[in-house]
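Overview (structure and organization)
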Amino acid sequence: MFRVLTFLLNAFTLRFVSKELIGVVNVRLTLLYSTLVFLSREAFRRACLSAESGTNRSWRQVINLLWLTVPLGVLWATLLGCVWLWLLEVPDPQTVPHYGPAVVLFALSGVQELLAEPLWVLAQAHMFVQVKVIAESLAMIAKCSVTVVLVVFAPDWGLYIFSAGQLVYTGFLVLCYVVYFIRFLGSKEAAKKTFPLQHIRDLLPSRADGEPLVDWTVARLTWSFFKQSFLKQILTEGERYVMTFMNVLSFGDQGIYDIVNNLGSMVARFIFLPIEESFYIFFAKVLERGRDVESQKKEDVAIAAEVLECLLKLVLVIGLIIAVFGYAYSHLALDLYGGAMLSSGSGPGLLRCYSCYVLLLAVNGVTECFVFAAMSQQEVDKYNLVMLALSMSFLLLSYMLTWWAGGIGFILANCLNMALRISHSLLYIHRYFQSSQWKPLRGLLPSPLLLVVLIISAGVTAGSEAVFCCDGGWLFRMAHIGVGGVCLLFVLVAVLLTETQLVQFVRTQLLPRYRKKHT
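Think of each chain on its own: its residues are numbered from 1, step by step along the sequence as written. Given that this is a predicted model, residues contribute local features only at a pLDDT of at least 70 and side-chain atom pairs are listed and counted only at 80 or more, while totals for whole chains, interfaces and linings are drawn from all residues. To get the side-chain values, all heavy atoms of the structure are used, and hydrogens and water are removed first.

Quick look at the environment of His199
Here is the rule we go by: By the criteria applied, helices consist of DSSP H or I runs no shorter than four residues and strands consist of E runs no shorter than two, each listed in order from the N terminus.
Its place among the elements puts His199 in the loop between helix H9 (188-192) and helix H10 (216-236). With 227 residues separating them in the primary sequence, His199 and Leu426 have C-alpha atoms 56 Å apart.

The structure is reproduced here in C-alpha cells:
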C-alpha cells in the first residue's frame, strides 16, 4: 500500500516540480533520514526483541535502554547534518530552493520518529501488528495529502513542501502510538493479556528499587548489533551512497533513476516476492535441511523437483514477457506517468534496461529460495560471506560503470551482481540433484514456439513504437497499445499450447495459494 501511495504521489508531483527537486528529496534527503533513523534504533530493536535478551526481562530496564535512541538520534542528526550541509555538493538554489532548512527539518523528522521507539518495541514484542499497520497507513495518507496540497497551492516553497510532508509523517506515527497506548494501558484488555505496564508514566524512563537503570546484558548485545549496523546500512543503501558521495549523477539524473527504480521494483515486489515467500516455506517443509537427495524420501524430493521446475518456468516466462514488452512500451509508460520530463531524457533507456534486470531478479528469487531452504546452517553462513563479497564488489562496480554509462551503469552493475548470484544457485541446484533422476533446471528452457512468438512480438512492438509512439496524439498511442495487446494475446496462446505442465501448476498450486492468502 505504501509503495502504491508513493507511486501515485510521485506521478502527481512530477507535473508540478522539477526532476532536480525530486532527485534531492528522494535520494539525498531520504538517505539522510534513513541513515539517521537506522543507526539510532536498529541495534536497539534487534537486541530488545532478541530471544537472547531473555523471557524474564524487566520492561522498565528495556524502556530505559530504548529511550537512549533519542539522544543518540540527536547526535547522529548533528553529525550527519554537518556532512550534508558543508561536505556534500549544495544544489543550485535557483533550481532547488531551501536546501539548508530542508536538511535540518529532515534530520528533525528522524529524531521525532525516535520518540515512538519504546512504544514500537512494546507493540512488536506483544504482537500488536494492527497498531503498526494503522499507524503507518494514517501517517502515509497524511504525508501524501499535505504534499499534494502544498505542491498545488505553494509550488514555490521548494523543499519546504517535502520537509513538511516528512514532519507530518513522523508526527502522525508518534501520535498514533501514543494515543493507542494511552487508551490501552489500564484497560480490561491489558489486564486480560497481563500486560507488564499499568500506567502511561511507566513508558517514561525511571529507576526501580534494587535493579540497575538498564539490563547490561541487553546493552552489550545492543553494542554488538550496533557495530554490524554500519555495514548493513551501507549495503542496503549502497546506490544512494554512491550517488550522494561520489557525484556520479546530476541531481536531475538521480531523480529520474530513482523514479524508474521505484517503477521496476514495484513489479518485482507485487509479482515475484509473494511467490518467493510462499514457496520458500514449501521447500523448507518438504526438504530436510543439509541432507542430500539420497538420504531423503523420494516422494518429497520428487515433489520439490517438480515444483522447482514449474516455478523456474513460470518466472522465466513472466520475466521474458516483461523484458520483451518493456522494451517497446517504456517510453509510453514514462510519458503517461511523468510526462515529457521522464520520457524525453534518459528515462526510457533506464526502464528498458530495468525490464531486462527484472528477468534476472525473477530467476534469482526462485533459485535462492530453494537454495536457502535446502542448505545446512554451515552452508548458509558461508554463502552469507559470498553475499557480502558480492555486495562490496557491487558498490565498486556501480561507481565504475556509472562514470561510464550514467544511470544505466547502476542497472548494469545490478545485472552482473544478480547473474553471479544466479550462477552460484544454479551450480548448487545442479549438484544437489546430480545423483538423481530429476532435472528441475529444465524449467529454464522455454518451448521453441514460445521463443519464436516472443521474438516476433519484440520486432512487431518495436516497429509499432517507431511508427505510433509517442508524439502523434492519443489515437496513435492507442494503436500502439492495441498492437501490444494482440502480440501479448499470441504469447499467452503459445504458453497455453506448449507449456501445459506450467498451466496445470498455476491452476492447481499457485492460484489456490493466492486465494487462501486473500480470504
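There is more to say, and it comes next.
Some remarks on the packing of aromatic side chains
Short version of the rule: Paired rings are identified among Phe, Tyr and Trp, the last through its six-membered ring, by centres lying within 6.5 Å, and are further divided according to the angle between planes into stacked (under 30 degrees), edge-to-face (over 60) and tilted (the rest). Buried residues are those whose accessible area, probed at 1.4 Å on protein chains only, stays under 20% of the maximum for their type, while exposed residues exceed 50% and partly exposed ones sit between those limits.
Enumeration according to the criterion identifies 22 aromatic pairs in this entry. Seen in terms of ring centroids, Tyr180 and Phe181 are 5.4 Å apart; in terms of plane orientation they differ by 90 degrees. Their pairing is edge-to-face. Note on Tyr180: relative accessible area 24%, which makes it partly exposed. Assessed through its relative accessible area of 0%, Phe181 is described here as buried. Geometrically, the ring pair formed by Phe468 and Phe476 is tilted, given 6.0 Å between the ring centres and 40 degrees between the ring planes. Residue Phe468 is classed as partly exposed on the basis of its relative accessible area, which comes to 24%.

Quick word on the pattern of salt bridges
Here is the rule we go by: Counted as salt bridges are all cases of a side-chain nitrogen of Lys or Arg within 4 Å of a carboxyl oxygen of Asp or Glu.
This structure, assessed with the given rule, holds eleven salt bridges. Salt bridges sharing partners connect three or more residues here, namely Arg41, Arg45, Glu113 and Glu117.

So, helix H8 (residues 159-184)
Formally: By this rule, a helix spans an expected 1.5 Å times one less than how many residues it contains.
An ideal rise of 1.5 Å per residue puts 38 Å on 26 residues; H8 measures up with 38 Å between its terminal C-alpha atoms. One or two residues past the end of H8 sits Gly186, with phi positive at roughly 85 degrees.

Thoughts on the side chain of Gln61
Selection rule: What makes two residues a contact is simply this: any of their non-hydrogen atoms within 4.5 Å.
With respect to the helices, strands and loops of the structure, Gln61 is situated in helix H3 (residues 59-66). Excluding residues within four positions of it along the chain, Gln61 makes contact with Glu211, Pro212, Leu213, Val214 and Asp215.

Looking at the domain arrangement of the protein chain
By a widespread convention, an interface's size corresponds to the accessible area lost as its parts come together. We apply this condition: These domain boundaries are the output of an automatic or database domain assignment. Throughout, the accessible surface (probe 1.4 Å) given up by two parts as they are put together, summed over both, is called the buried area.
On domain assignment, one finds that the protein chain holds domain 1 (22-205 + 228-244) and domain 2 (257-516). Counting from both sides, the interface comprises eleven residues of domain 1 and, opposite them, twelve residues of domain 2. When domain 1 packs against domain 2, the two sides together hide about 950 Å² of surface, and 76% of this comes from carbon and sulfur. When residues of domain 1 are sorted by the area they lose upon contact with domain 2, Leu235, Glu239 and Val242 head the list and together hold 53% of the total. Joining domain 1 to domain 2, the criterion identifies one salt bridge. Looking at the side of domain 1 that touches domain 2, the elements with two or more residues in it are helix H2 (19-48), H10 and helix H11 (238-246). At five residues, H11 tops the list of elements feeding residues into the side of domain 1 that touches domain 2.

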